[in-house]
Amino acid sequence: MVILKGKELFIAMIAAIFIIGFITILSFDGGMNRGGDNPLPQKWRNVGVQPKEVNTDTRIKNTPTLHNTGNQMPKNQDDQDGGGGQGTVYDKNRRKLPRIKKGQVNPFNKIDKVYKENEDLNKERSIKIKEEMKFCWDKYRQLAWGLDELRPMEKRGHDWFGLGLTIVDSMDTLYLMGLEKEYEEAREWVENVLNHRKDTGKKVSVFETTIRFLGTYITMYSLTGDQMYLDKGRDIADLLLYAFNDRSPFPASFVSLTDHKVAYQSWAGDCIILCEPGSMFLELNELSRITGDPKYKKYSDQIVDKLASMRPSIPGLYPTLVSQDGSRFCNSQVSVGAMGDSFYEYLLKMWIYQDGVEERYSELFQRSADSIIKHLYKVSKQGDGFITNLEGSSVTNTQEHLTCFAGGMFMLAAASNITGDDEKSALYMEVGEKVTRTCAKIYNITPTGLGPEVAYIDPESGDIRFNGYKAVSWYILRPETVESIFIAYRLTGNTEYQDLAWKIFEALVDVCRTENGYVGLNDVSNRWAINDNQQSFFMAETLKYLYLTFQPSSVVPLDKYVFNTEAHPIEIQYKN
């Protein structure tokens with residue numbers, strides 16, 4: 001027996017705590033809890049442990065604005081207060097989004113010629129994807145109506161919010177695809193049945209509720225002008241604000257919408273996950289803009305103020321756990337995937353959404369992006385570019401599925417010219433495309449044609465492993481790879497990206513479609529290892545991005561909209 005003493009014992013204890021925490025996070029992510037009525041099928045990482053309690057027709061029918069005619073940037077908005085919220089003072093000489101004059105190339109749209117050349121095929125593929133969305137909706141409607149998500153194999157629904165999550169999360173996809181009957185079913189339920197304040201006996205994730213519920217409401221209000229959505233948005237946001245307290249700039253992880261009690265991740269001690277507060281900026285700023293109430297932006301500002309004041313050991317690379325009061329970091333793990341992803345995403349998207357009004361978002365994003373490339377971006381011996389994680393001072397040589405969104409993020413950074421530096425924009429574009437192609441390649445090499453949660457890239461050979469050492473082999477209908485493929489197609493006009501998207505769609509239909517809905521896999525090597533959950537984000541994100549990959553540029557143009565991290569489009573607020 002080897003007896004550890006002193007420093008050796010301390011290091012071993014820290015390593016054990018980290019490994020247990022990481023495995024726990026992955027094990028409960030996205031519905032991987034295989035039993036019980038509350039499997040917490042979250043987008044990424046809210047751990048399925050019982051949290052510790054802490055006492056602390058007015059409808060307006062407008063023409064859909066998801067569609068933009070022509071190939072021009074949207075006209076500049078009046079100089080009221082735009083994306084900056086109430087009373088924002090902005091510098092007219094600041095760096096801002098490109099203004100495209102007639103005859104100039106639009107960096108956000110290079111598909112018009114190739115789309116027209118392949119229009120019949122694009123329409124055919126769009127129709128097939130739309131049919132699968134209708135199939136998912138019909139099966140949910142039949143077997144799980146009013147519950148959060150469908151379990152197709154069990155032919156029943158289950159709850160983890162208790163608020164009809166699939167109905168709300170799917171609304172803009174239904175609307176976008178022109179599924180009018182299904183959209184009206186959803187709208188009627190939201191207006192007449194959904195009550196955020198009903199006693200469900202559950203605490204909801206502040207992060208998930210913000211991106212899924214509030215994100216949907218502000219998108220649908222923008223698209224329709226329907227006052228009901230604005231009222232629902234204000235109601236859910238006001239309830240979420242109970243997660244904040246005077247002792248912390250950050251919200252608690254969970255809040256009861258009934259008695260307003262809050263809770264934190266029990267495994268994280270007095271710390272919170274970086275992405276939980278770091279993914280509220282878009283939604284709260286837009287809500288302040290459309291309501292005229294500055295209080296929501298105020299909460300967003302206090303979060304970013306505190307995060308901007310913190311100094312990670314590597315500039316721009318924030319550890320995944322921060323203390324509740326924002327005084328320190330709680331670990332040394334850095335991830336652009338689980339627990340970190342949408343924080344980095346929102347730094348860029350806030351700058352785009354506000355048309356550069358608040359320059360700090362540009363500064364924060366560039367610092368992070370440059371450090372990601374320097375410290376986390378790797379090219380394997382087979383030429384595959386990927387973004388790995390840091391554990392202390394060591395890279396993991398893994399590519400998480402969640403990190404695959406970063407391909408699109410870097411490409412959007414290049415198109416928006418956030419740096420003002422053509423050479424750096426070219427580098428961002430190169431990194432974005434290489435990561436996107438690697439993520440697609442990981443799908444292509446598995447027996448099912450579907451991508452694992454975590455792939456391992458051997459540093460000696462460059463081989464990609466989707467099970468075994470450091471790999472996590474499940475697939476739960478995630479959207480990040482097709483998200484980046486969609487963005488790559490729009491920004492390059494390269495139809496190879498459409499082919500990659502279609503291959504993934506065909507694999508989904510072949511492997512994940514069952515008689516009663518879509519399921520995930522517990523192992524991408526085995527098509528029969530079923531994970532029985534039709535995730536709401538499959539309908540909100542995965543099918544939406546696939547559909548848009550075969551639609552013309554006028555449908556959700558990327559120079560007019562920015563997507564929140566649940567794929568709900570929010571209109572960019574251009575300033576003169």
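Everything below is about the structure printed above this text.
These notes cover the structure that comes with them. Just so we're clear, the structure is a prediction, and the values are computed from it rather than from any experiment.

### A look at the sheet that holds strand β15 (residues 454-457)
The three strands are arranged β14-β15-β16 in an open sheet whose pairing can be described as antiparallel. Sheet topology places β14 (398-400) and β16 (464-465) at the edges, where each strand pairs with a single neighbour. Inspection of the sheet shows β14 paired to β15 by three bridges, in the antiparallel sense. What sits directly across from Gln399, in β15, is Ala455.

### Quick word on the environment of Leu284
Relative to the assigned elements, Leu284 resides in helix α9 (residues 281-291). The residues touching Leu284, leaving out its near neighbours within four places in the chain, are Leu214, Tyr296, Lys297, Tyr299 and Ser300.

### Quick word on helix α12 (residues 359-376)
Compared with the 26 Å implied by 1.5 Å per residue over 18 residues, the 25 Å span of α12 between its first and last C-alpha is a close match. Turning to α12, its buried residues are Tyr361, Ser362, Leu364, Phe365, Gln366, Ser368, Ala369, Ser371, Ile372, Ile373 and Leu376.

### With respect to the side chain of Gln498
Relative to the assigned elements, Gln498 resides in helix α16 (residues 496-512). Of note is the side chain of Gln498, whose polar atom sits 2.8 Å from the side chain of Asn122. Non-local contacts of Gln498, meaning those with residues more than four positions away in its chain, are made with Asn122, Arg125, Tyr489, Thr549 and Phe550.

### Some thoughts on helix α14 (residues 422-444)
Counted at 1.5 Å a residue, the expected span for α14 with its 23 residues is 33 Å, and the 33 Å between its end C-alpha atoms agrees. At the N-terminal end of α14, a side-chain oxygen is found 2.9 Å from the backbone nitrogen of Glu423, two or three residues along, and the residue is Asp421.

### Looking at the packing of helix α5 (residues 180-192) against helix α7 (residues 227-240)
It is the contact of α5 with α7, at a shortest axis distance of 11 Å, that shows an interaxial angle of 50°. When the interaxial angle is binned, α5 and α7 end up oblique. The handedness of the crossing between α5 and α7 is left-handed. Between α5 and α7, the contacting residues are Tyr183, Arg187, Val190 and Glu191 on the first element and Met228, Tyr229 and Lys232 on the second. Classifying every residue of the contact of α5 with α7 gives four nonpolar, no polar and three charged.

### Considering the pairing of β15
Residues Val454 and Tyr456 line one face of β15 and the alternating positions Ala455 and Ile457 line the opposite face, and both faces are buried. Sheet analysis places β15 next to β16, joined by two bridges and oriented antiparallel. Looking at the pairing, Tyr456 lines up with Arg465 of β16. Between β15 and β16, which pair antiparallel in sequence order, lie six residues; one of them, Gly462, sits at a positive phi of approximately 80°.

### Things to note about the state of the cysteines
This structure, assessed with the given rule, holds two disulfides. Two residues share a disulfide in this structure: Cys271 and Cys330, whose sulfurs sit 1.9 Å from each other. Residues Cys271 and Cys330 share a disulfide whose torsion about the S-S bond is about -90°; that sign makes it left-handed. Here Cys330 lies in the loop between β8 (321-323) and β9 (333-334) and Cys271 lies in strand β7 (residues 271-273), a separation of 59 residues in the sequence. On the basis of relative accessibility, which here comes to 26%, the residue Cys330 falls in the partly exposed class. Paired through a disulfide, Cys404 and Cys439 show a sulfur-sulfur distance of 2.0 Å. The chirality of the disulfide connecting Cys404 with Cys439 is left-handed, given an S-S dihedral of about -95°. With Cys404 in the loop between β14 and α13 (405-416) and Cys439 in helix α14, the pair connects residues that are 35 residues apart, well separated along the chain. With respect to class, Cys404 is no different from Cys439; both count as buried.

### Some remarks on the packing of aromatic side chains
Going through the model one piece at a time under the given rule, you end up with 23 aromatic pairs. Here Tyr175 and Tyr183 contribute two aromatic rings whose centre-to-centre distance is 5.2 Å and whose plane-to-plane angle is 70°, an arrangement assigned as edge-to-face. On the basis of relative accessible area, Tyr175 is assigned to the buried category, the value being 17%. Judged by relative accessible area, which is 7%, Tyr183 ranks as buried. For the pair Trp502 and Phe505, a centre-to-centre distance of 4.8 Å together with 35° between the ring planes defines the contact as tilted. Here Trp502 and its partner Phe505 are both found in helix α16, three residues apart, which amounts to about one turn of the helix. By relative accessible area, Trp502 is classed as buried at 10%. Just above the ring of Trp145 sits the side chain of Arg141; from NZ or CZ to the centre is 3.9 Å. For Arg513, the ring lying beneath its charged end belongs to Phe135, and the centroid distance is 3.7 Å.

### Considerations on the sheet that holds strand β13 (residues 394-395)
Ordered by their spatial adjacency, three strands build an open sheet running β9-β12-β13, and the pairing between neighbours is antiparallel. Because the sheet does not close on itself, it has two edges, and the strands there are β9 and β13. Here two bridges tie strand β12 (residues 390-391) to β13, and the two strands are oriented antiparallel to one another. Across the sheet, residue Glu391 finds its bridge partner in β13, namely Ser394.

### Side note on unusual backbone geometry
For His260, which is not a glycine, the phi torsion comes out positive at approximately 70°. You can see His260 is positioned in the loop between β5 (254-255) and β6 (262-264). Residue class for His260 comes out partly exposed when judged on its relative accessible area of 23%. Although it is not a glycine, Asn397 sits at a positive phi angle of roughly 60°.

The rules we used
Residues numbered from 1 in each chain as written. Predicted model: local features only at pLDDT ≥ 70, side-chain atom pairs only at ≥ 80, totals over all residues. Heavy atoms only, no water. Pairing = 2+ DSSP bridges. Helix = DSSP H or I, 4+ residues; strand = E, 2+ residues; numbered from the N terminus. Contact = heavy atoms within 4.5 Å. Expected span 1.5 Å × (residues − 1). Buried < 20%, exposed > 50% of the residue type's maximum accessible area, 1.4 Å probe, protein only. Polar contact = N/O pair within 3.5 Å; in protein donor to acceptor, adjacent residues only side chain to side chain. Axes fitted to C-alpha atoms, helices over the stretch in contact; angles between N-to-C directions. Parallel < 35°, antiparallel > 145°, perpendicular 65-115°, else oblique. Left-handed = near helix turned anticlockwise from the far one by under 90°. Nonpolar A, V, L, I, M, F, W, Y, C, P; charged D, E, K, R; others polar. Disulfide = S-S within 2.5 Å. Phe/Tyr/Trp six-rings, centres within 6.5 Å; stacked < 30°, edge-to-face > 60°. Lys NZ or Arg CZ within 6 Å of the ring centre and 35° of its normal.

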